[in-house]
Amino acid sequence: MQRRRAEKILTMLPPAGKYSSESSDDDIENHLIGEICNSPLPAEAIENDIDELLREIELNPLDEFLGDFEDVHSITCHDVVADIVEIETPVNYEPHTSTMSNISPQVSRKTVASPGSARRSKRLLRNLKTPPIPLPSMSPDIEDVSITPNQKKKNRKVEHMKFKWVDGKKMNFEVNVPEYEFYTQQEHVLTPVEYFKRFFSDDLFEVIVEQTNLYSVTKNDRSINLTVSELQDFLSIELWMGVAKLPAYTDYWSHLMSYEKVSNIMPLKKYQKILKNLHFNNNDEYNEEDKFYKVKPIIDIIRRNCLNQEQGNRFSIDEMMVPYKGKKAGSRRQYIKSKPKKWGFKFFVRSGINGIVYDFFPYCGENTFNDYHFSEYENKFFGLGPKVILALVSTIPDKILSVVYFDNFFSSPELIYYLREKYGILSLGTVQQNRLRECPLLNEKELKKQGRGSFSYKCDRKKKVLTLKWLDNKPVCLISSYISADPIKTIKRYSKEKKNRVDVPMPKIVEEYNTHMGGVDLSDMLVALYRTGLKTHKWYMAVFSQLLDICVNNAWLTYRRDCNQLKEKKIMRLKEFRIHVAIALSAKEKPKVGRKSNKNNHMEHIQKIRRTVIPRPISDVKFDRFDHFPTRVSKGRCRHCKKGQTVYICTKCDTRLCTLKKRDCFNDFHTKK
């Protein structure tokens, strides 16, 4: 039934070449109406067929809708829809009438496409045994008004290259990539805070101070007068909080859980005032297209500082999640099921194989690549994943003989070929099987017959692309432009049958990928060890704390590399390095906390921190009548009567109490509830 309907509708269209590009819309319309009028079918059947065809082809481009036929002219389905919709069905229709006199005008009906119409239309046309009559080529002057710009962008499909696959043993484009050697320019190892300021530079402090004071004026009508010194104290507290974690940030100043390393740097009210007003960009110049406008200056400056470092020649590219589960981020927040932190902001990161982050940018949906410009070729063959790779490799200083590693979210044979052909960048990554472009690799069933560790590989010698499928616990596909399967090595794997670890053959390409792919994962792990958690409802504070931790980790990795170059014997661990940075930010070139600066000292005066009040003992200890003895100490105020002073203190409660005849506070304190 569907086949007959499709044939009827398609035969109404004029044959190829009947109308030239100069033919008017009226000529085409008159032909179509004439075909309807000459049809032996009743008007209702023709109208239903037209409506059904419109519903089925509205969602799909015509080249996909008629993909099984070769003699189809270049015309979009929306052109056909626009022409057919203009045909008005007659009210009083008589079959076998070719004149227009009996046709009365009627308003065209709008149809709504059903969700399954695309699948039904493809199945319907595949069942046709004879190809349809070719469609006429439309005039280029006819404007396509039946499709919106958003629909055009949504319906755009990435094209695929054609590859000529041969046996992988015939590969003739293998490249031996030399290991990059770093040489430090320092004569001695720098201090931790000096390495830290390579990434979190002084101009970044000034930007934050300026924007915070500006934001406090617009919000509170008065400035908090934040200084660079106070901002350094604030960041010092944040670094301490990443190492010594407590349930709430107020616990660092509380009586029961006071942490003097933090509470001695800054009073709680001052910390809360800075945290409440901390800001990074001017709200008056808000850009709606930039979803991360709130932290745009921070991202730009830290990214610039990372790019200024010596980078090497091997890089890992992957996603990095900035944890955030709040609901104030809107569409910025992403969900990735496979990540340890599933909710948060997604960043695309290029790092060295040692974990140093060199380049990054956030995922912003359709605005992700607003700062990047791609050629017509790149837009034609590449989607989101490959464009991320192109954006990140564009900042590599020495592209020749550089190698990038990435996973199957980004890779495709077109990208592997283009990186080597265009930039001279070699690449290696896993790839999804549906992107192998008809590469005739053995399937999983055939590989399992050969046993664990078996593999199949093919290559395109002209485009310099090699694909390999290797069977481990599950089959994995890899693709590369510079390395092959030889030499074959072995790796230990646990065997359920033998209840022991056995040797499994492993191609060279698999070993190369496993060795160099984990750079971004290593950086993510280092951030998670001592994560700075800014306790605030503002979504952009999560991004700022992540970038702060990246700066600390980059500084530590650079410090450790210099220590190895200069043969330093004692190398600080990350925790010790982080503490040294925190201490330097709060104490370097500042007077000691609690002492007034001299009159001749021009350094900034630090407000004196009052001594923490000793908490009272809990009731279970206070009234247990065990081991409470008065002992003589220096004179001080009684904690019970608050009227007089005494020289006696309870050794267990650590509380001064009167022991006079008129006022026996020691006994009353331990007996009266």
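Residue numbers run consecutively from 1 along every chain, following the written order of its sequence. Confidence filtering applies because this is a predicted model: local features only for residues at pLDDT of at least 70, side-chain atom pairs given and counted only at 80 or more, and all residues used for totals across whole chains, interfaces and linings. Each side-chain value is worked out from all heavy atoms of the structure, with water and hydrogens disregarded.

## With respect to the overall build of the chain
When you go through the chain residue by residue, the secondary structure sums to 23 helices and 15 strands. Residues classed as buried in the chain amount to 46% of the 673 residues present. Working rule for contacts: check all heavy atoms of both residues, and any pair within 4.5 Å makes them a contact. Pairs at least 24 apart in sequence give 64% of the contacts found in the chain among residues at least 6 apart. Working definition of accessibility: Shrake-Rupley area with a 1.4 Å probe, residue cover restricted to the visible protein chains. When the accessible surface of the chain is split by element, carbon and sulfur atoms take 49% of a total near 37,600 Å². Strands here mean DSSP runs of E at least two residues long; helices mean DSSP runs of H or I at least four residues long; both are numbered from the N terminus. Only protein chains enter the accessibility calculation, which uses a 1.4 Å probe; a residue whose area is less than 20% of its type maximum is buried, one above 50% is exposed, and one in between is partly exposed.

## As for the sheet that holds strand β15 (residues 655–656)
In short, DSSP must find at least two bridges between two strands for them to pair. The antiparallel open sheet is built from three strands, whose spatial order is β13-β14-β15. Strand pairing shows two members of the sheet lacking a second neighbour, β13 (630–637) and β15, which therefore form its edges.

## Considering helix α16 (residues 413–423)
Buried within α16 we find Pro413, Glu414, Leu415, Ile416, Tyr417, Tyr418 and Leu419. Check the buried side of α16 and you find it contacts α14 (376–381), α15 (384–393), β6 (403–406), β7 (426–430), β9 (465–471) and β10 (475–480). Phi for Gly424, located one or two positions after α16, is positive at around 75 degrees.

## Digging into the packing of aromatic side chains
Here the aromatic set is Phe, Tyr and Trp, taking the six-membered ring for Trp, and pairing holds for ring centres within 6.5 Å; pairs whose planes are under 30 degrees apart are stacked, those over 60 apart are edge-to-face, and all others are tilted. This model, assessed by the stated rule, comprises 38 aromatic pairs. Taken together, a centroid distance of 5.7 Å and an interplanar angle of 50 degrees make the contact between Phe348 and Phe361 tilted. Of this pair, Phe348 sits in strand β4 (residues 343–352) while Phe361 sits in strand β5 (residues 357–362), and the two are 13 residues apart along the sequence. You can call Phe361 buried: its relative accessible area is 6%. Seen from their ring centres, Phe455 and Tyr457 are 5.5 Å apart, and the 45 degrees between their planes marks the pair as tilted.

## Digging into the pattern of salt bridges
By convention in these notes, a salt bridge is any Lys or Arg side-chain nitrogen within 4 Å of a carboxyl oxygen on Asp or Glu. Summed over the entire model, instances satisfying the criterion amount to 19 salt bridges. Across the pair Lys492 and Asp503 runs a salt bridge whose closest N-O atoms are separated by 3.0 Å. Of this pair, Lys492 sits in strand β11 (residues 489–495) while Asp503 sits in strand β12 (residues 500–506), placing them eleven residues apart in sequence. Linking Asp668 and Lys672 is a salt bridge whose minimum nitrogen-to-oxygen distance equals 3.8 Å. When its relative accessible area of 21% is taken as the criterion, Asp668 is described as partly exposed.

## Remarks on the state of the cysteines
Disulfide: a pair of cysteine sulfur atoms within 2.5 Å of each other. Under the defined criterion, the tally for this structure stands at zero disulfides. For Cys653, which is in no disulfide, the shortest distance to another cysteine sulfur is to Cys650 and amounts to 3.8 Å. We classify Cys653 as buried; its relative accessible area is 5%.

## As for the pairing of β5
Across the six residues of β5, six count as buried, placing the element largely inside the fold. Bridge count between β4 and β5: five bridges; the pairing is antiparallel. Paired with Ser351 across the two strands is Val357, which belongs to β5. Hairpin remark: β4 followed by β5, antiparallel, with four residues in the connecting loop; positive phi at Gly355, about 100 degrees.

## Digging into the side chain of Asp460
Its place among the elements puts Asp460 in strand β8 (residues 455–460). Charge assignment in this entry is limited to Lys and Arg as positive and Asp and Glu as negative, and neither His nor the chain termini are counted. Buried and without a salt bridge, Asp460 has Lys463 as its closest oppositely charged side chain, separated by 4.5 Å. Those residues in contact with Asp460, other than ones at most four positions away along the chain, are Phe163, Lys164, Trp165, Phe173 and Val465.

## A closer look at the packing of helix α19 (residues 519–529) against helix α20 (residues 540–565)
Between α19 and α20, the least distance of the axes is 9 Å, while the angle of their chain directions is 110 degrees. Classified by the interaxial angle, the pair formed by α19 and α20 is roughly perpendicular. Of the two possible hands of crossing, α19 and α20 adopt the one that is right-handed. Across the interface between the two elements, Ser523, Asp524, Leu526 and Val527 from α19 touch Gln546, Asp549, Ile550, Asn553, Trp556 and Leu557 from α20. Under the convention adopted here, Pro, Cys and the residues Ala, Val, Leu, Ile, Met, Phe, Trp and Tyr are nonpolar, Asp, Glu, Lys and Arg are charged, and Gly plus all remaining residues are polar. Its residues assigned to classes, the contact of α19 with α20 comprises five nonpolar, three polar and two charged. The angle between two axes is taken between their N-to-C directions and runs from 0 to 180 degrees, where each axis is a line fitted to C-alpha atoms and a helix contributes only its stretch in contact. Should an angle lie under 35 degrees it is considered roughly parallel, over 145 roughly antiparallel, and from 65 to 115 roughly perpendicular; all remaining angles are considered oblique. Helix crossings are classified by the rotation of the near helix relative to the far one: an anticlockwise turn of less than a right angle makes the crossing left-handed, while a clockwise turn makes it right-handed.

## Quick notes on the confidence of the model for the chain
Caution applies to low-pLDDT regions: their predicted coordinates should not be interpreted in detail. Confidence of the predictor in every single residue is expressed as pLDDT, which spans 0 to 100. Here the chain averages 78 in pLDDT, while 73% of its residues score no lower than 70. With pLDDT under 50 throughout, residues 16–25 is counted as low confidence; its partners more than four residues away or in other chains account for twelve contacts. Every residue in residues 120–155 scores below 50 in pLDDT, and together they form 65 contacts with partners more than four places removed in sequence or on other chains.

## Some remarks on unusual backbone geometry
Residues Asp486 and Pro487 are joined by a peptide bond in cis, for which omega reads 0 degrees. Following the sequence through the fold, Pro487 ends up in the loop between β10 and β11. A positive phi angle, near 65 degrees, is found at Asp221, a position not held by glycine. Secondary-structure assignment places Asp221 in the loop between α9 (202–220) and α10 (228–243). By relative accessible area, which is 70% here, Asp221 ends up exposed. Despite not being glycine, Lys567 has its phi angle at roughly 55 degrees, a positive value. Mapped onto the elements, Lys567 comes out in the loop between α20 and α21 (574–587). Among the residues examined, Lys567 registers a relative accessible area of 73% and is labelled exposed.

## Thoughts on the side chain of Thr368
Position of Thr368 relative to the elements: it lies in the loop between β5 and α14. Among the residues examined, Thr368 registers a relative accessible area of 7% and is labelled buried. Polar contacts, as counted here, are pairs of nitrogen or oxygen atoms within 3.5 Å of one another; within protein the pair requires one atom able to donate a hydrogen and one able to accept it, and residues that are adjacent in sequence qualify only if both atoms are side-chain atoms. Within the local environment of Thr368, its side chain forms a polar contact with the backbone nitrogen of Cys364, the two atoms lying 2.9 Å apart. Within the local environment of Thr368, its side chain forms a polar contact with the backbone oxygen of Gly365, the two atoms lying 2.6 Å apart. Once residues lying within four places of it in the same chain are set aside, the contact partners of Thr368 are Phe361, Pro362 and Tyr363.

## Details of the packing of α10 against helix α12 (residues 268–277)
Contact pair α10 / α12: the axes reach a minimum separation of 11 Å and the direction vectors enclose 95 degrees. Relative to α12, α10 is oriented roughly perpendicular. Residue-level contacts link Glu230, Phe234, Ile237, Glu238 and Met241 of α10 to Lys270, Tyr271, Ile274 and Leu275 of α12. Considered class by class, the residues forming the contact of α10 with α12 number six nonpolar, no polar and three charged.

## Structural notes on the environment of Leu307
Turning to its location among the elements, Leu307 is positioned in helix α13 (residues 296–307). Using a relative accessible area of 22% as the deciding quantity, one classes Leu307 as partly exposed. Separated by 108 residues in the primary sequence, Leu307 and Phe199 have C-alpha atoms spaced 9.7 Å apart. Once you skip the residues sitting within four places of it in the chain, Leu307 turns out to touch Arg350, Tyr358, Asp359 and Thr395.

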